[in-house]
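Descriptive structure summary
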Amino acid sequence: MARTDNDTWDLASSVGATATMVASQRVLAHREGLIDDPFAEPLVRAVGMDFFIQALDGEIDLEAVDPEFNVRRAAEGMAVRTRHFDRLFTDAAAAGARQAVILAAGLDARAYRLPWPAGTTVFEVDQPEVIEFKTTTLDRLGAQPTADRRTVAIDLREDWPKALCDTGFDPSQQTAWIAEGLLIYLPPEAQDLLFDRITDLSAPGSRVATEHIPDVTMFSDERSQRIAERMKKYGSEIEMGELIYHGERNDVVEYLTGHGWIVSAKTMPEAYAANGFTFPEEETIGMFADMSYVAAVKS
Ligand SMILES: C[S@@+](CC[C@H](N)C(=O)[O-])C[C@H]1O[C@@H](n2cnc3c(N)ncnc32)[C@H](O)[C@@H]1O
């Protein structure tokens, strides 16, 4: 279903299902020993979407859904991504930050799996049903956060800075922020507003990580539609082309640079190489080559 201004979801519907999709990929990266996220699999299973459960159980031939898919490739791609955002937090902690914010947290389990220094507060922001589901599921599993975890159940198109501060966030302290897998789900002007707000809430020395996707057409091109059609046969309703916002948007690197951040960015081939992997050259995957992983420090 196409997006609307006030749309909501849980982890099995609309944009929420994409959180389950990426968490499934984290399961593969974990199984391959490339990342350490033991919570991804129980979370994905608890959501209960048939497609992902059958895929994890090896009951769906994923290469028949997407001929360019294979487990190792998916695992490496997700490992590169996960390590980029993990590193933002570990670098920030080493530099003294004791406040972290995971925007659009989805099924991100960093508040439970990263070795946060004592005294760290980790805020997670996402829609109410997403937050509620992850919290109760991890509680039921007996998982314990490794930091003071605080949740902010709100839509990021609303006044989330106020909600964040009401939960104990202190803008005068250095903060580590991540916005992972979020920007394409925000309208272009909401993306700018997100970074304006992060900038306003960031003391000097704060850090932020995100990704920049200069061209989103690969999410609605013929290949993407073919994959969505094949996934439908297994009961999946995910149509990326309908979930993202298309059209021109500001370049993240330029925008942050213009707002007082010192920015570094790695293209996908560079990020793969930095992890000891080779970026696949094939045409369709190659379209992601222009995408970059971004990290920035507030001056
Ligand atoms: C692809 S998932 C990424 C989840 C997580 N960051 C990760 O990488 O595993 C997109 C996430 O963005 C969240 N999201 C997208 N738009 C949002 C909005 N307007 N308000 C709150 N959350 C939003 C969704 O609920 C979902 O959890």
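Preceding this paragraph is the structure being described.
Source: prediction; values computed, not measured.

Quick look at the pairing of strand β2 (residues 121-126) now. Counting buried positions along β2 yields six of six residues, so the element is predominantly enclosed. Judged by which residues are buried, β2 turns out to be covered on both faces: Thr121, Phe123 and Val125 on one side and Val122, Glu124 and Asp126 on the other are all buried. Sheet topology note: the strand β1 (residues 99-103)/β2 ladder contains five bridges and is parallel. Bridging across to β2, Leu103 finds its partner in Val125. As judged from the six bridges shared by β2 and strand β3 (residues 148-153), these two strands associate in the parallel manner.

A few words now on the pattern of salt bridges. Counting across every chain of the model gives 22 salt bridges. Of the charged contacts, one joins Lys162 and Asp166 as a salt bridge, the two residues approaching to 2.8 Å between their closest N and O atoms. Here the residue Lys162 and the residue Asp166 both occupy positions in helix α8 (residues 160-166), the gap between them amounting to four residues, near one helical turn. Of the charged contacts, one joins Lys232 and Glu229 as a salt bridge, the two residues approaching to 3.4 Å between their closest N and O atoms. With Lys232 and Glu229 both in helix α10 (residues 222-233) and three residues apart, this pair spans about one turn of that helix. Through salt bridges that share partners, Arg26, Asp37, Arg81, Asp86, Asp108, Arg110, Arg113 and Glu180 make up one connected network.

About the cut-offs
Residues numbered from 1 in each chain as written. Predicted model: local features only at pLDDT ≥ 70, side-chain atom pairs only at ≥ 80, totals over all residues. Heavy atoms only, no water. Buried < 20%, exposed > 50% of the residue type's maximum accessible area, 1.4 Å probe, protein only. Helix = DSSP H or I, 4+ residues; strand = E, 2+ residues; numbered from the N terminus. Pairing = 2+ DSSP bridges. Salt bridge = Lys/Arg side-chain N within 4 Å of Asp/Glu carboxyl O.

Scope: geometric values only; no functional claims are made or implied.
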